[in-house]
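Geometric and topological summary
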Amino acid sequence: MRQFDPERPNLARMYDYMLGGKDNFAVDRQAIEQLAELIPAAVPLARANRAFLQRAVRYVAAAGVRQFLDLGSGLPTQGSAHEVAPEARVVYVDHDPVVAAHATALLGRTGRAALVEADLLDPDAVLAGAGAFLDLRRPVGVLLVSILHFLPDSARPQQAVAALCERLAPGSYLVITHATSMGRLEDGQRYRGASSDDPSGGTDRTPAEIRAFFGDFPLEPPGLVQAVDWRPDRPKLVGDWSLPSSLMAGVGKKPL
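The structure reproduced in this document is the subject of the present report.

Cut-offs applied
Numbers given for residues are sequential positions, taken from 1 along each chain in its written order. Predicted model: local features are reported for residues with pLDDT of at least 70 only, side-chain atom pairs are reported and counted for 80 or more only, and whole-chain, interface and lining totals are derived from all residues. The side-chain values count all of the structure's non-hydrogen atoms but skip hydrogen atoms and water molecules. Each Phe, Tyr or Trp ring (for Trp, its six-membered ring) is paired with any other whose centre lies within 6.5 Å, and the angle between the two planes then decides the class: stacked below 30 degrees, edge-to-face above 60, tilted in between. Under the DSSP-based scheme used, a helix requires at least four consecutive residues in state H or I and a strand at least two consecutive residues in state E, with every element numbered from the N terminus. In this scheme, a residue with accessible area under 20% of its type's maximum is buried, one over 50% is exposed, and one in between is partly exposed, where area comes from a 1.4 Å probe on protein chains only. Remark: a charge is flagged as sitting over a ring if the NZ atom of Lys or the CZ atom of Arg is within 6 Å of the ring centre and within 35 degrees of the ring normal. Any two strands with at least two DSSP-identified bridges between them are counted as paired. Residues count as neighbours in contact if any of their non-hydrogen atoms are within 4.5 Å of one another. Note on method: axes are straight lines fitted to C-alpha atoms, helices fitted across the in-contact stretch only, with angles between N-to-C directions ranging 0 to 180 degrees.

With that settled, consider the packing of aromatic side chains. Taken as a whole and assessed by the stated rule, the structure comprises 2 aromatic pairs. Ring geometry for Phe-52 versus Trp-230: centroids 5.5 Å apart, planes at 85 degrees, classification edge-to-face. Taken together, the positions of Phe-52 in helix H3 (residues 42-62) and Trp-230 in the loop between strand E8 (225-226) and strand E9 (247-253) put the pair 178 residues apart, joining distant regions of the chain. Using a relative accessible area of 0% as the deciding quantity, one classes Phe-52 as buried. On the basis of relative accessibility, which here comes to 0%, the residue Trp-230 falls in the buried class. Taken together, the ring pairs in this structure connect Phe-52, Tyr-59 and Trp-230 into an aromatic cluster. One cation-aromatic arrangement involves Arg-89 over Phe-133; the distance from NZ or CZ to the ring centre is 3.9 Å. A cation over an aromatic ring shows up here: Arg-231 above the ring of Trp-230, its NZ or CZ 5.7 Å from the ring centre.

Printed below as a string of structure tokens:
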């Protein structure tokens, strides 16, 4: 198996560290500590993002879906889809060959989870790989969680998502979280940050642009909202610390 480069931070390992995992190196921990000094909310937002994923997976599984496709998944650790819905079959997709190799080793012989090395911008490759493990004639829960904002418009991510969704079975779900500039972007305003090599940067999009990724999929209540506000496990309490409203989330369902 190819080894991680211990001298260079890796986004998947950094995310694992923010979630409290152990599949990371000192260089990843140092990078996160530096990031947290610049953006104190970075770690809480990462955990809020994972908490949303878990709630969304439970919601989709409760609707009867028993298979999931997690695109741009990184390392499947710390409350990933196959742990939240152990009765479901899950395919994780990542284009980084080193991440893919390590993820495959982490999954071991779970039997219900597999890793496909593919680029989410190539729907044909994604579905060809996933089709060996999932029954694509039946509904699938597609997870695009905290990945689309790393893709610039020039990569045509909306077209890739649309092509993928077109081939999903009716009753499938699309789960998305996406960064926006502190929740204050108005339609027409845009911010272009750093590349995907910098987890603090990327391509912020307006709420209308994020909604466009769902295409004609109606949104499940409560619609496109801040991640912490999407069907929270408990009501907010007086005195709860509020995260900056920079991560939007939604779940759409393909019409029957």
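With that settled, the discussion passes to the sheet that holds strand E3 (residues 113-117). An order of E3-E2-E1-E4-E5-E9-E8 is seen for the 7 strands of this open sheet, with the pairing classed as mixed. A single partner strand is all that each edge strand has here, and the edge strands are E3 and E8. Bridge count between strand E1 (residues 67-71) and strand E2 (residues 89-94): 5 bridges; the pairing is parallel. In the sheet register, Gln-67 faces E2, and the bridge partner there is Arg-89. In this fold helix H6 (residues 123-130) packs onto E1, E2 and E3, with an angle of close to 140 degrees to the strand it touches most, E1.

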